[in-house]
Amino acid sequence: FMKKLLPLLLLLLLPKPVFGQESISITAIPPRLEVSGLPGATLQETLKIRNESEEPMAFEAAFSDFIVNNNQGTPVAVTEAVSGRWSLSSWITVSPKKLLLQPKETQTVNLIIQIPPNGLPGGHYAMVTYQPSFEGLIGQPKQTASAVIQKVGTLVYLNVIGDVTEAANLKSFTADKFFKYYGPTKINAEIENLGDIHLQPQGKLAVTNLLNQTVFSQDLDAKNIFPFASRVYDFTVPGQWHLGRYTAKINAVIGTSQQPVQGLIYFWIVPVKEIALAAGILVLIIILIFLLKRRRKPEYTSLNA
C-alpha cells in the first residue's frame, strides 16, 4: 500500500507548473553611470539595452529619482518631492524612448542631461528603467499580461561641480565579541556620509596581535555611500587557533579632500575549553605522578624484642 501511496504524495508536493507565462529578460548597459558637469551644461551619454529573450520585444524607457535609505546601498525609486535637492529625473531625456528589439539584439539609447543654471552643486541621482511596452509601437509583437516582467535599467549619478561638503563618520566599528573562544572572527564597520555628494572611501582594515604583527589586512570594498546614508563593510579574520588580545584599525580617506576616516577597537580570542581541558589533563598528570610516588615509597617496620 505504501509503495502505491508514495508516488501520489510526491506528485502532490511538487510545485504546479504555470502555463501561459513567458520570461522577459533584458540587460541594461551600463548598470551604473557616473558623470559630472557645471551648472547650465548639457551632457550627452550613450546607454544600451539588450533583449535577452527568444522573442521580439517592445520596451519603453522611464525615469525616476532614487534614494538610498538603508546601510546596504539598495536604491529605492521615489518622486521628486521625496528626493528633494538630490533630484535628477526632471533634467533627463532619452532618445528613442520606445524601442522594438529582436531576439538577442542590442540597441543604443542617447541620454541627455540638461543641468539648470541654478542647479545645486553636489550629487543628483536618477534611474533610467526599461520595461515591456504593450502598446504604441507599429509592428510590435504580441505581448500579454501573462509575461513575467523584469524591470531593469541604469543608475545615473550626476555631480554638479561647485562648492560641496565632503564629510563622513565611522558610525560603528565592532568585532564579534569582546571575548571570543574561537576564530574566524567577524568585524563590521559602518561609515556614514554627512556631505552633499556620494563618496567612496579608500583605505583598509588591519589586524595586529600582541607583538604588533599584522595577522590580517584587507582593502575596503569599492562602495558608494549616498548623502546622509551609510554602508556596512564586512570582514572575516581567518584562522581558528588564535590566542590573546588583537587590535583592529581602519584607516581610510574620502573624497577629493582626502579627509581621514579612522577607527580602533580591541578584541580577545581565548579558547577557554581547550585551556580548561589542557589544565585538567595537567592536574590529572600531577595527581597520577603523586600517587605513583606514594606507591613506590618503601615501608619501614620496627622490630620489638
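Our subject in this report is the structure included herewith. Being a predicted model, the structure only gives us computed values, none of them experimental.

**What to know about the packing of aromatic side chains**
Following the criterion strictly, the structure yields 8 aromatic pairs and no others. Relative to Phe267, the ring of Tyr246 lies with its centre 5.7 Å away and its plane at 15°, an arrangement referred to as stacked. Residue Tyr246 is located in strand S17 (residues 244-254), and its partner Phe267 is located in strand S18 (residues 259-269); the two are separated by 21 residues in the primary sequence. Comparing Tyr246 with Phe267 shows no difference in burial state: the two are buried.

**Overview of the nonpolar core**
Of all hydrophobic cores here, the largest spans 33 residues; its most connected members are Phe173, Ile187, Leu205, Val207, Phe235, Ala248 and Phe267. With 5 residues, S17 is the single largest residue contributor to this core. When residues no more than four places from it in sequence are discounted, the contact partners of Ala248 are Phe173, Ile187, Leu205, Ala206, Val207, Gly263, Leu264, Ile265 and Phe267. Ranked by size, the runner-up nonpolar core spans 26 residues in total, among them Ala28, Phe59, Ile92 and Val109.

**What to know about the side chain of Asn209**
Mapped onto the elements of the fold, Asn209 is located in the loop between strand S14 (202-208) and strand S15 (214-219). On the basis of relative accessibility, which here comes to 17%, the residue Asn209 falls in the buried class. A polar contact of 2.9 Å, which involves the side chain of Asn209, links it to the backbone nitrogen of Gln213.

**A few points about a nonpolar patch on the surface**
Residues Val283, Leu284, Ile287, Leu288, Phe290 and Leu291 make up a contiguous nonpolar surface patch of roughly 570 Å² in combined accessible area. If you trace the backbone, Val283 turns up in helix H3 (residues 272-296).

**Some details on the sheet that holds strand S11 (residues 168-175)**
Spatially, S11-S13-S16 is the arrangement adopted by the 3 strands of the open sheet, whose pairing is antiparallel. Lying at the two open borders of the sheet, with one neighbouring strand each, are S11 and strand S16 (230-237). Averaged over all adjacent pairs, the angle separating strand axes in this sheet is 15°, with direction ignored.

Conventions adopted
Residues numbered from 1 in each chain as written. Predicted model: local features only at pLDDT ≥ 70, side-chain atom pairs only at ≥ 80, totals over all residues. Heavy atoms only, no water. Phe/Tyr/Trp six-rings, centres within 6.5 Å; stacked < 30°, edge-to-face > 60°. Helix = DSSP H or I, 4+ residues; strand = E, 2+ residues; numbered from the N terminus. Buried < 20%, exposed > 50% of the residue type's maximum accessible area, 1.4 Å probe, protein only. Core = buried A, V, L, I, M, F, W, Y, C linked by side-chain atoms within 4.5 Å. Contact = heavy atoms within 4.5 Å. Polar contact = N/O pair within 3.5 Å; in protein donor to acceptor, adjacent residues only side chain to side chain. Patch = residues over 30% accessible without salt bridge, like charges linked within 9 Å, V, L, I, M, F, W, Y side chains within 5 Å. Areas by Shrake-Rupley, 256 points an atom, 1.4 Å probe, with all protein chains shown as cover. Salt bridge = Lys/Arg side-chain N within 4 Å of Asp/Glu carboxyl O. Pairing = 2+ DSSP bridges. Axes fitted to C-alpha atoms, helices over the stretch in contact; angles between N-to-C directions.

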